[in-house]
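One letter stands for each residue in the lines below.
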Amino acid sequence: MSATAGRVVRAGSAAVRTVAPLKSNNAAEARMSVLQAYKEFQRLTPKFWWDFGLHDMPLGVFRAVIKKQFTKNGHLTDVRVVDRLVGETNMHMESIRMAYYNPDHVRNYLFAENVEAKPKDFLSKFLNGKE
């Protein structure tokens, strides 16, 4: 950790704020932590699938859904953001191990893109019979 972490450093004519990384020092370390979290999550997947009663889909399909959750953030390059997401993944894995989630919450989290969006304006709500 450098002595200027979190301080404003004057570089030329512009002031630049340097921040300390959360866990990884560079992109390679961040990539390794993502791969580690992915492998651990895939090892947890059979227990996760069984404990939350997701038997209506084959285990292979469930693994593909988990993979999709990881690859949807593949475009991120900021090490701090990647570290934060890896930390969130580790917290989710711990919550899964301790069974803090309900099966409905798991389904809503994993399959949120399959749920129809609720109407936002008055006319759409009226046409759908909501108001």
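Residues numbered from 1 in each chain as written. Predicted model: local features only at pLDDT ≥ 70, side-chain atom pairs only at ≥ 80, totals over all residues. Heavy atoms only, no water.

(A) Here's a closer look at the overall build of the chain. Counting its regular elements, the chain contains 5 helices and 2 strands. Ordered by position from the N terminus, the helices and strands of the chain form the series β-β-α-α-α-α-α. A buried classification covers 21% of the 131 residues belonging to the chain. For the chain, the computed accessible surface area is about 9700 Å², with 58% contributed by carbon and sulfur atoms. (Helix = DSSP H or I, 4+ residues; strand = E, 2+ residues; numbered from the N terminus. Buried < 20%, exposed > 50% of the residue type's maximum accessible area, 1.4 Å probe, protein only. Areas by Shrake-Rupley, 256 points an atom, 1.4 Å probe, with all protein chains shown as cover.)

(B) Summary view of the packing of aromatic side chains. Following the criterion strictly, the structure yields 7 aromatic pairs and no others. Both rings, one in Phe48 and one in Phe52, keep their centres 5.2 Å apart while their planes meet at 85°; by these two values the pair is edge-to-face. As far as burial versus exposure is concerned, Phe48 and Phe52 are alike and both buried. Ring centres of Phe48 and Phe62 lie 5.2 Å apart, and the angle between their planes is 65°; this geometry places the pair in the edge-to-face category. (Phe/Tyr/Trp six-rings, centres within 6.5 Å; stacked < 30°, edge-to-face > 60°.)

(C) Spotlight on the packing of helix α1 (residues 27-51) against helix α3 (residues 79-97). Where α1 meets α3, the closest approach of the two axes is 10 Å, and the angle between their N-to-C directions is 20°. Considered as vectors, α1 and α3 are oriented roughly parallel to each other. Once α1 is placed against α3, the crossing between them reads as left-handed. Every residue of α3 that contacts α1 at Ala27, Ala30, Ser33, Val34, Ala37, Glu40, Phe41, Leu44, Lys47 and Phe48 is listed here: Val79, Val82, Asp83, Val86, Thr89, Asn90, Met93, Ile96 and Arg97. (Axes fitted to C-alpha atoms, helices over the stretch in contact; angles between N-to-C directions. Parallel < 35°, antiparallel > 145°, perpendicular 65-115°, else oblique. Left-handed = near helix turned anticlockwise from the far one by under 90°. Contact = heavy atoms within 4.5 Å.)

(D) Examining the nonpolar core more closely. Ranked by internal contacts, the top residues of the largest apolar core, which has 20 residues, are Phe48, Phe62 and Leu110. Among the secondary structure elements, those contributing two or more residues to this core are α1, α2 (59-71), α3 and α4 (103-110). Element by element, the count of residues in this core is highest for α1, at 6 residues. Among residues more than four places away in sequence, those in contact with Phe62 are Thr45, Phe48, Trp49, Leu54, Met57 and Leu110. (Core = buried A, V, L, I, M, F, W, Y, C linked by side-chain atoms within 4.5 Å.)

(E) View of the confidence of the model for the chain. Overall, the predicted model of the chain reaches an average pLDDT of 82, with 79% of residues at or above 70. Between the elements of the chain, mean pLDDT differs from a low of 58, seen in strand β1 (residues 8-11), to a high of 93, seen in α1. (pLDDT = per-residue confidence, 0-100.)

(F) Broad picture of the side chain of Ser24. By the element assignment, Ser24 lies in the loop between β2 (14-17) and α1. Looking at Ser24, its side chain comes within polar contact range of the main-chain nitrogen of Ala30, at 3.4 Å. At 2.8 Å, the side chain of Ser24 forms a polar contact with the side chain of Asp83. Contacts of Ser24, omitting those with residues within four sequence positions, involve Glu29, Ala30, Ser33, Val79 and Asp83. (Polar contact = N/O pair within 3.5 Å; in protein donor to acceptor, adjacent residues only side chain to side chain.)

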